[in-house]
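What follows is each chain in one-letter form.
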Amino acid sequence: MKEPVVLSRSGLSSAEAAARLERDGPNLLPAKPPTPLWRRVAGQLRDPLIVVLLAAAALTAITGDWTDMAVILLVIVVNTSVGVAQEVRADRAITALSELTAPVARVVRDGAQREVPAAEVVPGDLLVLAEGDIIPADARLGEAAALLVDESALTGESVPVDKSPGDEVASGTVVVRGRGRAEVSATGLASAAGRIAALMVTGSGLTPLQRRLAGVGRLLAGVTVFLCVVVGALGLVRGQPVELMVVTAISLVVAAVPESLPAVVTLSLALGARRMAARHALVRRLHAVETLGSVTILATDKTGTLTEGRMVVRRLWTPTAQATLTGTGYGPDGRLDGDAPPEAFTDLLTAAVLCNDARLLPGDEGEEWRALGDPTEAALLAAAAKLGLDRRDLHQRSPRLAERPFDSARKRMSTLHRMPGGGARVICKGAPEVLLHAPVLADDPALLARAAEQAEDLARQGYRVLAVAHAGLASVPETAPEQGLSLLGLIAILDPPRQAASGTVAACRRAGIRPVLITGDHPGTARAIATELGILGPGDAIVDCRALTGPGPRTAPSPAPTTPATAGAGAAEPAVPAAAVYARATPEQKLSLIERMRTSGEVVAMTGDGVNDGPALRRADIGVAMGGRGTEVARQAADLVLADDNLDTVVSAVEEGRRVYANIRRFLVYGLSGGATEIAVMLLGPLFGLALPLLPAQILWINLLTHGLPGVALGGEPADPAAMNRPPRPPDQSILRAGLWQRVVRIAIVLTAVTLGVAVWALHTGRPWQSMAFFALGASQLGVALGSRARPGSLANPALLVAVAGALLLQLAGLYVPLLRDLLGTEPLALGDLAIVAGLSVLGYAAARLDRILHREPPPR
């Protein structure tokens, strides 16, 4: 039984409020402290590939190769700067979005009502609540008049909750109707929102891309150092000078490690982030762009994410007709689908408009209609407007004389109206279970049974059902009678799916991503939405998380809902049935479900907008929050914030992620095949009479030209049109798997054959063989860059064409500019020799294109 709350009429004194504020602290959720610049920089420098580059820079400094060291350090500086700048820019955008939250509260202090910053509300304060207020702290109601509170941000329940004296109201929830007074019971971390925010202490850890690149960095470092030591040792055995072979080995280390990889990754991610920003999606961490490309499960909240977060009338039923209403939002756009004419539902919707306290306001140009009052009643007004019924006109013709407001005990509302021709009319609307029986209704029992059966069927489909009844009176009574009425019909209301939601779900399925709905809402409502969007099949089971309490088995015997425990300290961790829909989930259970999915090897994206979604957003591999409707807790927990709440942007983000990953693999094929060729040429050259195939300066020059701008430009290649019709790559798959290292070997064999073939032929014909090998190796690698394009023969990514042309000119300059010839130890080639080498270098392009044919991606679904 609810305990009555006796409210002080004067509230706290200013002195007492100040003392409690000093004792308990401000009414704020724990804010993430600003990250110092040095910590952001250090986070970027901890990347394993950056560590390899720092080691390479140190080696070049030891040998006095200041030019190459400067190039490597430039790559590190650019990579770090772009990453830090993106983090700072995203944090500033999130701070701007934070201004959407209400900053003030109405309290009674020293006997007078005043507005104070919400942060200064303290336990014991007397809150004054009215329609439209965001409740600033947890409180217990002492007074409530027709009070209805939207708790969806905290619980996920889409239907507002009726509140009466003695009930608790929670911080962050919204008053949608009525008024009340309440005594604050908890603020800040002690509030309901604060307890949920405390669950967000654990980050998501490394992204899939970071884990893959860390493995690549370790592998490349180990293999490269080993092979280069072998090259140095063989040179010493052949009698080469010690200093020359040490410099050669270090040069090979630098050349074989693709130092442009961090720049390629950063450029690809930055381009993806820029494209996302153009679509009103704020990327808070660069690596989040790629993570979406790895996603195998899209776990999503329902209210406000898959649905509009607004109630809409969808079904109408009368004893003689039934129909479906189309349209979304509170606007008058929509039509009646069915065999019955609109006139069959005029009486039903006229009554629903008269027995109604809500109002609809048209938005400014380009904006949507807004509701004032109970969202359910606003939905009734919108439905009537679709049939041409005007609220103001109806109320003028039938003015209200008396009313009995809705409350949770009676579960109905009644109004009394004067009729134009004299007499009165009483209208009652409410829950079917309290209206569809005598003595409230005087209709035939068979009709009431048929209506009750219809109401139950609609409820099973996830609708909120209202029954509407009326009666004409010859005289005007003092109050609205609630007996002897006649049934007008039933109205089924739903929080409808977003227009883009079904397309998003379908696109995810085509891309091999499994959508999973995790909501705090009722199982019936969750089933209806999930079935309509294609998340759930007609016969599929859902899991009711309210049953998942207490000890339970560790294995689920069937995919049907069972009773294992998912929350609670010290409880066993049994297996929860795998399902596409989890209903009535608490924030702790959402967090547990996300952790279980990740533990099983899935890459999980979580979308949400409420306080209750915050912990799961933080724990998922990537959290996606709604920026407009979303709460501050959700925005701060997310990696990606959709500023316009457009769920379709998630699909675009997945495509961007796959483009980024494809470009990184494209660069690795290009860069590693070039590095492998350089090592192979140095290892195999002496077997063909080439004592030292390339000088250290020549190796570094080729590396600078090929791994520089052309390599970085590969990160800007467009997406493969079929990328979203293929399944995601396995979460545990190395970036070098799926045929990548085989591709590297195949291309490296061709490049090695071209380089050694040119050198051996030139050696035996008395030509400057080392210079010819130098040009052949560089030019054939640039051919591979052109052959690696996603759309060869087009002008897509013109930066790559410019970079290759510039690198080729610099390669020629290394042969014909005297200063560079002295630096590199090269000789000018005769035009005939140059033409022969250039012609053979085209084999690099041919090798890359042929390899694309040999290595086919998985067929589109």
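Residues numbered from 1 in each chain as written. Predicted model: local features only at pLDDT ≥ 70, side-chain atom pairs only at ≥ 80, totals over all residues. Heavy atoms only, no water.

Caption draft 1: How the structure looks around the overall build of the chain. If you tally the helices and strands in the chain, you get 28 helices and 25 strands. In the chain, buried positions account for 55% of the 861 residues. In the chain, once contacts between residues fewer than 6 apart in sequence are set aside, the share between residues at least 24 apart is 71%. For the chain, the accessible surface area stands at approximately 35,100 Å², while carbon and sulfur atoms represent 60% of it. (Helix = DSSP H or I, 4+ residues; strand = E, 2+ residues; numbered from the N terminus. Buried < 20%, exposed > 50% of the residue type's maximum accessible area, 1.4 Å probe, protein only. Contact = heavy atoms within 4.5 Å. Areas by Shrake-Rupley, 256 points an atom, 1.4 Å probe, with all protein chains shown as cover.)

Caption draft 2: Quick look at the confidence of the model for the chain. Confidence in the prediction of the chain, expressed as mean pLDDT, is 79, and 78% of residues score 70 or more. Averaged pLDDT values over the elements of the chain bottom out at 60 in helix H4 (residues 66–97) and peak at 95 in helix H11 (residues 346–354). Long-range and interchain partners of residues 96–102, a stretch whose pLDDT sits below 50, account for 14 contacts in this model, where long-range means more than four residues apart. In the model, residues 550–574 has pLDDT below 50 throughout and makes 56 contacts with residues more than four positions away in sequence or in other chains. (pLDDT = per-residue confidence, 0-100.)

Caption draft 3: Summary view of unusual backbone geometry. Each neighbour pair has its own omega, and for Ala438 with Pro439 the value is 5°, a cis peptide bond. In this structure, Asp110 takes a positive phi of about 55° despite not being glycine. Positionally, Asp110 belongs in the loop between strand E1 (104–109) and strand E2 (112–117). For Asp110, a relative accessible area of 45% puts it in the partly exposed group. In the Ramachandran plot, Asn797 falls in the positive-phi region, its phi being about 55° despite a non-glycine side chain. When you line up the elements, Asn797 lands in the loop between helix H25 (769–787) and helix H26 (798–816).

Caption draft 4: Fine view of the packing of aromatic side chains. Across all of its chains, the model carries one aromatic pair by this definition. When the ring of Phe667 is compared with that of Tyr670, the centres are 6.4 Å apart and the planes differ by 65°; the resulting orientation is edge-to-face. Of the two residues, Phe667 and Tyr670 both sit in helix H21 (residues 648–684), three residues apart, roughly one turn of that helix. Of the two residues examined, Phe667 and Tyr670, each falls in the buried class. (Phe/Tyr/Trp six-rings, centres within 6.5 Å; stacked < 30°, edge-to-face > 60°.)

Caption draft 5: Broad picture of helix H18 (residues 587–599). Here H18 is 13 residues long and its end C-alpha atoms lie 18 Å apart, about the 18 Å a rise of 1.5 Å per residue gives. What H18 keeps buried is the set Pro587, Gln589, Lys590, Leu591, Ser592, Leu593, Ile594, Met597 and Arg598. Looking at the residues trailing H18, positive phi occurs at Gly601, about 100°. (Expected span 1.5 Å × (residues − 1).)

Caption draft 6: How the structure looks around the packing of helix H22 (residues 696–707) against H26. One way to put it is that H22 packs onto H26 with a least axis distance of 9 Å and a crossing angle of 165°. One element, H22, and the other, H26, form an angle in the roughly antiparallel class. Crossing hand, H22 versus H26: right-handed. Between H22, through Trp701, Ile702 and Leu705, and H26, the contact on the second element is made entirely by Ala807, Leu810 and Gln811. Considering only residue class, the contact of H22 with H26 consists of five nonpolar, one polar and no charged. (Axes fitted to C-alpha atoms, helices over the stretch in contact; angles between N-to-C directions. Parallel < 35°, antiparallel > 145°, perpendicular 65-115°, else oblique. Left-handed = near helix turned anticlockwise from the far one by under 90°. Nonpolar A, V, L, I, M, F, W, Y, C, P; charged D, E, K, R; others polar.)

Caption draft 7: Quick peek at the side chain of Asn356. Inspection of the secondary structure assignment puts Asn356 in the loop between H11 and strand E13 (359–361). Of the polar contacts made by the side chain of Asn356, one reaches the backbone oxygen of Ala352; its length is 3.3 Å. A distance of 2.8 Å separates a polar side-chain atom of Asn356 from the backbone nitrogen of Ala358. Look past the residues within four positions of Asn356 in its chain and what remains in contact with it is Glu377, Leu380, Leu381, His395, Arg400, Met413 and Lys429. (Polar contact = N/O pair within 3.5 Å; in protein donor to acceptor, adjacent residues only side chain to side chain.)

Caption draft 8: Quick peek at the sheet that holds strand E23 (residues 604–608). Ordered by their spatial adjacency, eight strands build an open sheet running E8-E25-E24-E23-E9-E20-E22-E21, and the pairing between neighbours is mixed. The strands lining the two open edges of the sheet, one partner per strand, are strand E8 (281–283) and strand E21 (543–544). The pairing of strand E9 (residues 297–300) with strand E20 (residues 514–518) spans four bridges and is parallel. Bridged to Leu298 within E20 is Pro515. Where helix H17 (residues 523–533) meets the sheet, its contacts fall on E20, E21 and strand E22 (581–583), and the angle it forms with E22 comes to roughly 155°. Where H21 meets the sheet, its contacts fall on E8, E9, E23, strand E24 (622–626) and strand E25 (640–642), and the angle it forms with E25 comes to roughly 145°. (Pairing = 2+ DSSP bridges.)

Caption draft 9: Region of interest: the sheet that holds strand E15 (residues 400–404). The eight strands lie next to each other as E12-E11-E10-E19-E18-E17-E16-E15, forming an open sheet whose pairing is antiparallel. In the strand order of this sheet, the two ends are held by strand E12 (336–337) and E15, each with one partner. With seven bridges connecting them, strand E17 (residues 424–430) and strand E18 (residues 464–473) associate as antiparallel partners. Bridge pairing links Val426 to Ala471 in E18.

Caption draft 10: Structural view of the pairing of strand E19 (residues 486–494). The element E19 is extensively covered by neighbouring structure, given that eight of its nine residues are classed as buried. Across five bridges, the pairing between strand E10 (residues 312–318) and E19 is antiparallel. When the bridges of E19 are listed, Trp317 appears paired with Leu490. Here seven bridges tie E18 to E19, and the two strands are oriented antiparallel to one another. If you follow Ala467 over to E19, its bridge partner there is Leu490.

Caption draft 11: Main features of the pattern of salt bridges. Going through the model one piece at a time under the given rule, you end up with 22 salt bridges. Taking the shortest distance from any N to any O, the salt bridge between Glu482 and Arg412 comes out at 3.0 Å. With Glu482 in the loop between E18 and E19 and Arg412 in strand E16 (residues 412–418), this pair connects stretches of sequence that are 70 residues apart. By relative accessible area, which is 16% here, Arg412 ends up buried. One salt bridge connects Glu595 with Arg619, and the closest N-O pair in it is separated by 3.5 Å. On the criterion of sequence distance, the pair formed by Glu595 in helix H18 and Arg619 in helix H19 (residues 614–619) is long-range, its members being 24 residues apart. (Salt bridge = Lys/Arg side-chain N within 4 Å of Asp/Glu carboxyl O.)

Caption draft 12: Just the nonpolar core, in detail. Among the nonpolar cores identified, the biggest contains 122 residues, and Leu292, Leu441, Ile535, Val581 and Leu640 are the most heavily contacted of them. Sort the elements by how many residues they give to this core and H21 lands first, with 14 residues. Grouped together as the second largest cluster of nonpolar side chains are 36 residues, Ala358, Ala378, Ala384 and Ile493 included. (Core = buried A, V, L, I, M, F, W, Y, C linked by side-chain atoms within 4.5 Å.)

Caption draft 13: Expanded view of the environment of Ala459. Tracing the chain through its elements places Ala459 in helix H15 (residues 445–460). Residue class for Ala459 comes out partly exposed when judged on its relative accessible area of 37%. A C-alpha to C-alpha distance of 8.2 Å links Ala459 and Thr525, two positions 66 residues apart in sequence.

Caption draft 14: Local environment of the environment of Ala112. With respect to the secondary-structure elements, Ala112 resides in strand E2. With relative accessibility at 35%, the residue Ala112 sits in the partly exposed group. For Ala112 and Arg9, which are 103 residues apart along the polypeptide, the C-alpha to C-alpha distance reads 9.2 Å.

Caption draft 15: Representation of the side chain of Arg315. Tracing the sequence through the fold places Arg315 in strand E10. Residue contacts for Arg315: discarding those within four places in its chain leaves Gln322, Ala323, Thr324, Gln454, Leu458, Gln461, Tyr463, Leu490, Ile491 and Ala492.

Caption draft 16: Highlighting H22. Taking 1.5 Å per residue, twelve residues should reach 16 Å; H22 reaches 16 Å between its end C-alpha atoms and fits that length. Most of H22 is tucked away, with ten of its twelve residues classed as buried. By the burial criterion, the buried members of H22 are Pro696, Gln698, Ile699, Leu700, Trp701, Ile702, Asn703, Leu705, Thr706 and His707.

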